[in-house]
Amino acid sequence: MSSDVSNSISNSDSSNSVDYVRIYDTTLRDGEQTPGVTLTPEDKLLIAIQLDKLGVDVIEAGFPIVSQGEKEAVKMIVKQGLNSEISVLARTDKRDIDAAIDCGVRYVHTFIATSDIHLQYKLKISREEAIRKAVDAIEYCKAHGLYVEFSAEDATRSDREYLKQVYKAVVDAGADRIDVPDTVGYATPKYIHSLITELRSTVKVPISIHCHDDFGLAVANSIAAIEAGAECAHVTINGLGERAGNASLEEFVMALHCLYNKRTRINTKLLYETSKLVASLTGIIVQPNKAIVGENAFGHESGIHTHGVLSNPLCYEPISPELVGRKRWLEAGKHAGMHGIAAMLAEYGIRPEQEQLRQIVAKVKELGDKGKQVTDADLIAIASQVMNQQNLVEHVRLMDFVVTTGINVVPTASVRLIIDGKEYIVAETGVGPVDAALKAIQKITDRIASIRLSEFRLEAISGGSDALAEVSVKVEDSNGKISSARATGEDIVVASVQAMINGINKMMMKRTIDRDSNREIQGYTV
Ligand code: KIV
Ligand code: ZN
């Protein structure tokens, strides 16, 4: 049986809903409103190019009125000539719309709040005045030949009859589409379903949904809207956005494809790399247990699960990781079982006897009971000890390294490594001494095996300025294979470098085994 989408189930109540769902990505606008995130125009362009490659229908590139840099970013994105449509945000204000026009966009998303809370306390205008402003803005956009999507901000807390009046008025004024924002994530799927159903019989333009995640319901609410006949959803990569964020693109799209039998233009195999790019440029790391793109989404630790997955991945994986550009991985820990540990060791070419395996598993559990995460390097060390063998071939040997850091200097590292007998010396800069040193190492190992650091954790395990630091790393190669390692020491930079070299050595070991077994297979076939 294949481990691809096990989709005999369709949860879709398809009577009202569309088959094709339009994906309106607002990572570069609502996503950038995540506290702590500011992107340079160059960063925004990189993300826009990736979103286009991913296949989103619309990229909301920014909010041009907010700054010169924002305008510059939108102009750069427009000039790129991407396949995705490019829209921008504007209040129902001529200055905002002029700023949008100035950037060369043809698509404007304009909004005004319609809930009494916003009208009374934020805008301090009457309901009638808000309608007038909305209608004026739509007429102004249409007079300038723009395609317009209109949002009634805080729609879900607005008076239903008044909200319908607003949407009717903007559609009469020429709005091409309407959007329904659940601005503070206050709605339930049932409420969204009934609201969209009612709006569909009120206006005859396509309806979008825009959900925030304050109660963790953004994806469920977006799906409820699609079920009720909305044909587009505003989403962001990694669920970035104001406060708790927006509906996450990757969760929404995978649920639509796998559980609701809907289509989008998204190339799902690019979801993970897109998530990684956005995380690295925004500095907002993805929680490990996040669906689809979190580090643990396809990781298995317990013996029962690893056994099941090794027998047939469908036992504990609803979709195959490759579908979203991932690889499954196993981890040793206190719940470990014989099958999982044997499979992990086999990846490194280590095949213990049954009794040895039993002892290795017992030692892994002992470490786990002490609250220790068991890295691949720990596992190999345990196996070497139990089997009385020296399994570790040191492909990469650290000869020496020097770092300079301080105030008013760019942190720089110079590293000398011997890899399989050949010497390499490289210097690199970074945001700090650890970054500089690890980048220098990666610059060398990149030439050999494109191995990159995928996770870095630093923990102080004693107090004081001479505290012992424990550094755990995960490294990943271009095929998505992962190896983990750790090092401990008083010097954070030295411990980081040693952990990295340790992880790279484990990865090289894995790759050698793969290469040799491929050779064997090829030899056999010929
Ligand atoms: O959440 C919201 O209401 C918005 C509007 C600008 C559409 O982001
Ligand atoms: Zn929003």
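If you're wondering where the values come from, they're calculated on a predicted model, not measured in any experiment. Each residue is numbered by its place in its chain's sequence as written, counting from 1. Labels are handed out in written order, letters beginning with A for the chains and numbers beginning with 1 for the ligands. It should be noted that, the model being predicted, local features are given only for residues of pLDDT at least 70 and side-chain atom pairs only at 80 or more, the latter also being counted only at that level, while totals for whole chains, interfaces and linings use all residues. Side-chain calculation: all heavy atoms of the structure are included, whereas hydrogens and water are not.

Draft legend 1. Quick peek at the UniProt feature "domain: Pyruvate carboxyltransferase" (unreviewed entry) in the protein. UniProt positions are given in the numbering used here, feature names are shortened, and annotations may be inferred rather than shown by experiment. Mapped onto the present numbering, the UniProt feature "domain: Pyruvate carboxyltransferase" (unreviewed entry) falls on residues 21-272. Secondary structure content for residues 21-272 is 43% helix and 17% strand, and the end C-alpha separation is 21 Å. A run of H or I in DSSP counts as a helix once it spans at least four residues, and a run of E counts as a strand once it spans at least two, with each numbered from the N terminus.

Draft legend 2. Structural detail: empty space enclosed by the protein. The definitions used throughout rest on a 1 Å grid laid over the protein atoms alone, on which a cavity is an enclosed set of points accommodating a 1.4 Å probe that cannot get out and a pocket is an open set flanked by protein within 12 Å on both sides along at least five of seven lines; lining residues are those having an atom within 4 Å of a point. Grid points are joined across faces, edges and corners, and a volume is the space filled by probe spheres set on the points. All chains considered together, the criterion is met by two cavities of 30 Å³ or more. Of the volumes computed, that of the largest cavity is approximately 50 Å³. The wall of the largest cavity is formed by Gln 373, Thr 375, Glu 455, Phe 456, Arg 457, Ser 472, Val 473, Lys 474, Ser 484 and Ala 485. Any residue that is not Ala, Val, Leu, Ile, Met, Phe, Trp, Tyr, Cys, Pro, Asp, Glu, Lys or Arg is counted as polar, Gly included; the first ten are nonpolar and the last four charged. Looking at side-chain class alone, the lining of the largest cavity contains three nonpolar, four polar and three charged residues.

Draft legend 3. Geometry of the pattern of salt bridges. Salt bridges are defined by distance alone: a side-chain nitrogen of Lys or Arg within 4 Å of a carboxyl oxygen of Asp or Glu. Following the criterion strictly, the structure yields 41 salt bridges and no others. Close ionic contact of Glu 331 with Lys 474 constitutes a salt bridge, the shortest N to O distance being 3.8 Å. Separated by 143 residues along the polypeptide, Glu 331 in the loop between strand E10 (329-330) and helix H12 (338-347) and Lys 474 in strand E15 (residues 469-476) bring together distant segments of the chain. Each member of the pair, Glu 331 as well as Lys 474, is classed as buried. With a shortest N-O distance of 3.0 Å, Lys 439 and Asp 435 are connected by a salt bridge. Of this pair, Lys 439 and Asp 435 both sit in helix H15 (residues 433-449), separated by four residues, roughly a single helical turn. Overlapping salt bridges, with partners in common, bring together Arg 160, Glu 161, Lys 164 and Glu 198 in one network. Whether a residue is buried, partly exposed or exposed follows from its accessible area with a 1.4 Å probe, protein chains only, as a fraction of its type maximum: under 20%, in between, or over 50%, in that order.

Draft legend 4. Looking closely at the site of ligand 1. In the region of ligand 1, the neighbouring residues are Arg 29, Asp 30, Leu 89, His 109, Phe 111, Ser 151, Glu 153, Pro 181, Thr 183, His 210 and His 212. Under this definition, polar contacts are N or O atom pairs within 3.5 Å; protein pairs additionally need one hydrogen-donor-capable and one acceptor-capable atom, and for neighbouring residues in sequence, both atoms have to be side-chain atoms. At 3.0 Å, a side-chain N or O of Arg 29 approaches an oxygen atom of ligand 1. Separating an oxygen atom of ligand 1 from a side-chain N or O atom of Asp 30 is a distance of 3.0 Å. When the free accessible area of ligand 1 is taken as 260 Å², the share hidden by the protein chains comes to 94%. Elements supplying a minimum of two residues to the shell around ligand 1: strand E4 (107-113) and strand E5 (147-153). Here the shell around ligand 1 is composed, by residue class, of three nonpolar, five polar and three charged. One heavy atom within 4 Å of a molecule or strand is enough for the residue carrying it to be called near that molecule or strand. Per-residue and other accessible areas follow the Shrake-Rupley method at a 1.4 Å probe size, with only the shown protein chains counted as cover for residues.

Draft legend 5. Structural context of the layout of surface pockets. Of the pockets and cavities examined, the largest pocket occupies roughly 1300 Å³. Lining the largest pocket are 38 residues, with Lys 276, Arg 452, Leu 453, Ser 454 and Glu 455 positioned closest to its centre. Where the lining of the largest pocket is concerned, the elements lending two or more residues are helix H10 (271-282), H15 and strand E14 (452-460). Residues of the lining of the largest pocket, tallied by class, amount to twelve nonpolar, twelve polar and 14 charged.

Draft legend 6. Representation of the sheet that holds strand E11 (residues 396-404). Strands are treated as partners if at least two bridges between them are detected by DSSP. Taken together, three strands build an open sheet; the order of strands is E11-E12-E13 and the sheet is antiparallel. Every other strand in the sheet has two partners, leaving E11 and strand E13 (422-429) as the edge strands with one partner each. Taking the axes of each pair of neighbouring strands and ignoring which way they run, one obtains an average angle of 15° across the sheet. Pairing geometry for E11 and strand E12 (residues 412-419), over eight bridges, is antiparallel. In the sheet register, Val 402 faces E12, and the bridge partner there is Ser 414. The strands that H15 touches are E11, E12 and E13; relative to E13, the one it contacts most, it runs at about 140°. Every angle, taken between N-to-C directions, lies between 0 and 180 degrees, and every axis is a line fitted to C-alpha atoms, over only the stretch in contact when it is a helix. Contacts are residue-level and defined by heavy atoms, with any inter-residue pair within 4.5 Å sufficient.

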